[in-house]
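# Descriptive analysis of the structure
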2 protein chains.
Amino acid sequence: MSEIAKTPKAPYYAVIFTSHRTDGDKGYGEMADKMVALGSKQSGFLGIESARENVGITVSYWKDLESIKEWKKDTEHLLAQKEGKNKWYAEFKVRISKVERDYGFLNNG
Amino acid sequence: MSEIAKTPKAPYYAVIFTSHRTDGDKGYGEMADKMVALGSKQSGFLGIESARENVGITVSYWKDLESIKEWKKDTEHLLAQKEGKNKWYAEFKVRISKVERDYGFLNNG
């Protein structure tokens, strides 16, 4: 169950990953869980949000570009081990962005 | 049906809107359609991606901060007319970010 990430005061970084899946699981669920587990153990990880309908959108938040680079190194290894991204993704786009400002209201529950 | 946005070469801006809905539609669908329609008519609008499961994530892409400001003005008017955000959102977060780099592969279909 994805929640709204409790990120610190801006600036920080967001990796916006948007994708269309191929049909069938083919180990995808397990791999995705591992990617999140790798991320959340990593220094500089601030949170992650995820939802899928027609497209899937996963936004992970990071302290700096260095942390993102480290996570990318780990997850690319994981993706390579599993015969590459073509198996799971019909198409995808990754966007590295710097959050300059944020606002809103969150429950404390 | 949301697709992966065909954004131009970075840099450009992304507004990441993450939310938990309240129960029931209460005119939400109509309002959301209007917000997207307002955005897509606006100068500087580059695309939008959206998915909802437990949380909803909508990412809209913009040429510059000025375009975002204009859209915000229009949509806040719309939200105010409809008795505010509390009616539809139990909680939400808006993050204004600058996309510095992107990569991936997209189908042309």
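Predicted, not measured: the structure shown is a model, and the values here were computed from it.

The interface is formed by 45 residues belonging to chain A together with 45 residues belonging to chain B. Approximately 4,300 Å² of surface area, both sides summed, lies buried where chain A meets chain B, with 56% of it carried by carbon and sulfur atoms. Sorting the residues of chain A by area buried against chain B places Arg95, Tyr103 and Phe105 of chain A first, and these three jointly supply 17% of that buried surface. The interface formed by chain A and chain B includes four salt bridges. When residues of the side of chain A that touches chain B are traced back to their parent elements, those giving at least two are β1 (12-21), β2 (45-52), β3 (56-62), α2 (65-81) and β4 (89-105) of chain A. Partitioning the side of chain A that touches chain B into residue classes produces 22 nonpolar, 11 polar and 12 charged. Inspection of the sheet shows β4 of chain A paired to strand β4 (residues 89-105) of chain B by 13 bridges, in the antiparallel sense. In the sheet register, Lys93 of chain A faces β4 of chain B, and the bridge partner there is Gly104 of chain B.

With that settled, the discussion passes to the side chain of Thr7 of chain A. Summarising the element assignment, Thr7 of chain A is placed in the segment before β1. Reaching out from Thr7 of chain A, the side chain makes a polar contact with the side chain of Arg95 of chain B at a distance of 2.7 Å. Leaving out residues up to four positions away in the same chain, Thr7 of chain A has contacts with Tyr12, Leu46, Tyr61 and Asp102 of chain A together with Lys93 and Arg95 of chain B.

For the structure shown, the criterion picks out 18 aromatic pairs over all chains. With a centroid separation of 5.2 Å and an interplanar angle of 70°, the aromatic rings of Phe17 of chain B and Tyr89 of chain B are classed as edge-to-face. With a gap of 72 residues between them, Phe17 of chain B in strand β1 (residues 12-21) and Tyr89 of chain B in strand β4 connect regions that are remote in the sequence. The interplanar angle of 90° and the centroid separation of 5.8 Å between the aromatic rings of Tyr28 of chain B and Tyr89 of chain B together place this pair among those described as edge-to-face. One end of the pair, Tyr28 of chain B, is in helix α1 (residues 28-41); the other, Tyr89 of chain B, is in strand β4, and 61 residues separate them in sequence. On the accessibility criterion, Tyr89 of chain B (6% relative accessible area) is buried. Following the ring pairs from residue to residue traces out a cluster consisting of Phe17, Tyr28, Trp88, Tyr89 and Phe92 of chain A together with Phe105 of chain B. Between the NZ or CZ atom of Lys72 of chain A and the centre of the ring of Tyr103 of chain B, over which it lies, the distance is 4.6 Å.

Let's shift gears to the pattern of salt bridges. By the definition in use, this model includes eight salt bridges over all chains. Here Lys93 of chain A ties to Asp102 of chain B by a salt bridge, and the two come within 3.9 Å at their closest N and O atoms. Within this pair, whereas Lys93 of chain A is found in strand β4, its partner Asp102 of chain B is found in strand β4, the two belonging to separate chains. The buried category is assigned to Lys93 of chain A, whose relative accessible area is 12%.

By size, the foremost hydrophobic cluster in this structure holds 23 residues, and its most contacted members are Val59 of chain A together with Val59 of chain B. Breaking this core down by element, the ones donating at least two residues are β1 and β3 of chain A together with β1 and β3 (56-62) of chain B. Not counting residues up to four positions away in its chain, the partners in contact with Val59 of chain B are Ile16 and Ile57 of chain A together with Ala14, Val15, Ile16, Gly47, Ile48 and Glu49 of chain B.

Along the chain, Lys98 of chain A turns up in strand β4. On the basis of relative accessibility, which here comes to 29%, the residue Lys98 of chain A falls in the partly exposed class. Once the C-alpha coordinates of Lys98 of chain A and Ala10 of chain A are considered, the two residues, 88 residues apart in sequence, prove to be 8.9 Å apart. Not counting the four nearest positions on each side in its chain, Lys98 of chain A is found in contact with Pro11, Tyr12 and Tyr13 of chain A together with Ile96, Ser97, Lys98 and Glu100 of chain B.

Rules of the game
- Residues numbered from 1 in each chain as written.
- Chains lettered and ligands numbered in written order.
- Predicted model: local features only at pLDDT ≥ 70, side-chain atom pairs only at ≥ 80, totals over all residues.
- Heavy atoms only, no water.
- Contact = heavy atoms within 4.5 Å.
- Buried area = accessible area lost by both parts, 1.4 Å probe.
- Salt bridge = Lys/Arg side-chain N within 4 Å of Asp/Glu carboxyl O.
- Helix = DSSP H or I, 4+ residues; strand = E, 2+ residues; numbered from the N terminus.
- Nonpolar A, V, L, I, M, F, W, Y, C, P; charged D, E, K, R; others polar.
- Pairing = 2+ DSSP bridges.
- Polar contact = N/O pair within 3.5 Å; in protein donor to acceptor, adjacent residues only side chain to side chain.
- Phe/Tyr/Trp six-rings, centres within 6.5 Å; stacked < 30°, edge-to-face > 60°.
- Buried < 20%, exposed > 50% of the residue type's maximum accessible area, 1.4 Å probe, protein only.
- Lys NZ or Arg CZ within 6 Å of the ring centre and 35° of its normal.
- Core = buried A, V, L, I, M, F, W, Y, C linked by side-chain atoms within 4.5 Å.

Read these as geometric descriptors, not functional statements.
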